[in-house]
Amino acid sequence: GWFTPSTGRFLPTKAGKYKVNFTFPNNASGTQLSIYKNDTYWTASASSAGKQDGLSTIVDMNGSTDYIDFRFDSGGDTLWSTTAGIRIQAHHVGT
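What you see is a predicted model; the values in this text were computed from it and never measured. (Residues numbered from 1 in each chain as written. Predicted model: local features only at pLDDT ≥ 70, side-chain atom pairs only at ≥ 80, totals over all residues. Heavy atoms only, no water.)

S.K.: Can you walk me through the overall build of the protein chain in this structure?
M.R.: Check the secondary structure of the protein chain and you find 0 helices and 9 strands. For the protein chain, the succession of helices and strands along the chain, N to C, is β-β-β-β-β-β-β-β-β. Looking at the protein chain as a whole, 37% of its 95 residues are labelled buried. In the protein chain, the proportion of contacts linking residues at least 24 apart, taken out of those at least 6 apart, comes to 62%. On the protein chain, roughly 5200 Å² of surface is accessible, and the fraction owed to carbon and sulfur atoms is 49%. (Helix = DSSP H or I, 4+ residues; strand = E, 2+ residues; numbered from the N terminus. Buried < 20%, exposed > 50% of the residue type's maximum accessible area, 1.4 Å probe, protein only. Contact = heavy atoms within 4.5 Å. Areas by Shrake-Rupley, 256 points an atom, 1.4 Å probe, with all protein chains shown as cover.)

S.K.: Would you explain the packing of aromatic side chains in this entry?
M.R.: Any two aromatic rings considered together are summarised by their centre-to-centre distance and by the angle between their planes. Summed over all chains, the structure comprises 6 aromatic pairs. Aromatic pair Phe3 and Phe70: ring centres 6.1 Å apart, planes at 65 degrees, arrangement edge-to-face. With Phe3 in strand β1 (residues 3–4) and Phe70 in strand β7 (residues 68–73), the pair connects residues that are 67 residues apart, well separated along the chain. A relative accessible area of 0% means that Phe70 is categorised as buried. (Phe/Tyr/Trp six-rings, centres within 6.5 Å; stacked < 30°, edge-to-face > 60°.)

S.K.: How should the pattern of salt bridges be read in this particular structure?
M.R.: Oppositely charged side chains are able to pair whenever their charged atoms sit close together. Here the structure, examined in full by the defined rule, presents 4 salt bridges. We note a salt bridge from Asp60 to Lys17, for which the minimum N-O separation is 2.9 Å. Of the two residues, Asp60 sits in strand β6 (residues 52–61) while Lys17 sits in strand β3 (residues 16–25), which places them 43 residues apart along the sequence. Looking at Asp60, the relative accessible area reads 39%, which means it is partly exposed. Here Lys17 falls in the partly exposed class, since its relative accessible area comes to 30%. Between Asp69 and Arg71 there is a salt bridge, with its nearest N and O atoms 2.7 Å apart. Residues Asp69 and Arg71 agree in their burial class; the two are buried. (Salt bridge = Lys/Arg side-chain N within 4 Å of Asp/Glu carboxyl O.)

S.K.: Explain the nonpolar core to me, please; I cannot follow it from the model alone.
M.R.: Soluble, globular proteins show a tendency: their nonpolar side chains are buried together. Formed by 14 residues in total, the largest nonpolar core has its most connected members in Val20, Phe22, Leu33, Ile35, Ile68, Phe70 and Phe72. Secondary structure elements with two or more residues in this core: β3, β4 (32–37), β6 and β7. No other element matches β3, which puts 4 residues into this core. (Core = buried A, V, L, I, M, F, W, Y, C linked by side-chain atoms within 4.5 Å.)

S.K.: Sorry if this is basic, but what is going on with the pairing of strand β5 (residues 40–44) here?
M.R.: Two faces, one strand: in a regular strand the side chains alternate between the faces of the sheet. Here β4 runs beside β5; their pairing, made up of 4 bridges, is antiparallel. Following the sheet pairing, Tyr36 is matched in β5 by Tyr41. Counted along the chain from β4 to the antiparallel partner β5, the turn is 2 residues long, and its residue Asn38 has a positive phi close to 50 degrees. (Pairing = 2+ DSSP bridges.)

S.K.: Looking at this structure, how should I read unusual backbone geometry?
M.R.: Most peptide bonds adopt trans geometry, and most residues besides glycine take a negative phi value. Residue Asn38 is not a glycine yet carries a positive backbone phi of 50 degrees. You will see that Asp39, though not glycine, has its phi angle at about 65 degrees, which is positive. With respect to the secondary-structure elements, Asp39 resides in the loop between β4 and β5.

See the structure below:
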């Protein structure tokens, strides 16, 4: 697959546009979700404490070196982990 759980990175080998979804059943602290492309901020959610948080965006990927990673922010960026309830989806939607 193109997603590596140990790094939290999505690295597709096909160039084009990808629809990316990132959801998390938010905890009481109001964790914010963020998507980074090539380690540069791309977009983030507006979180609400105690509610499910979600984020969806379209990202252009070159199919060779571009990657996306998924982060939480509740006072400092944390890379994606195996926290229960996380859902990450990405699929090619065109060129």
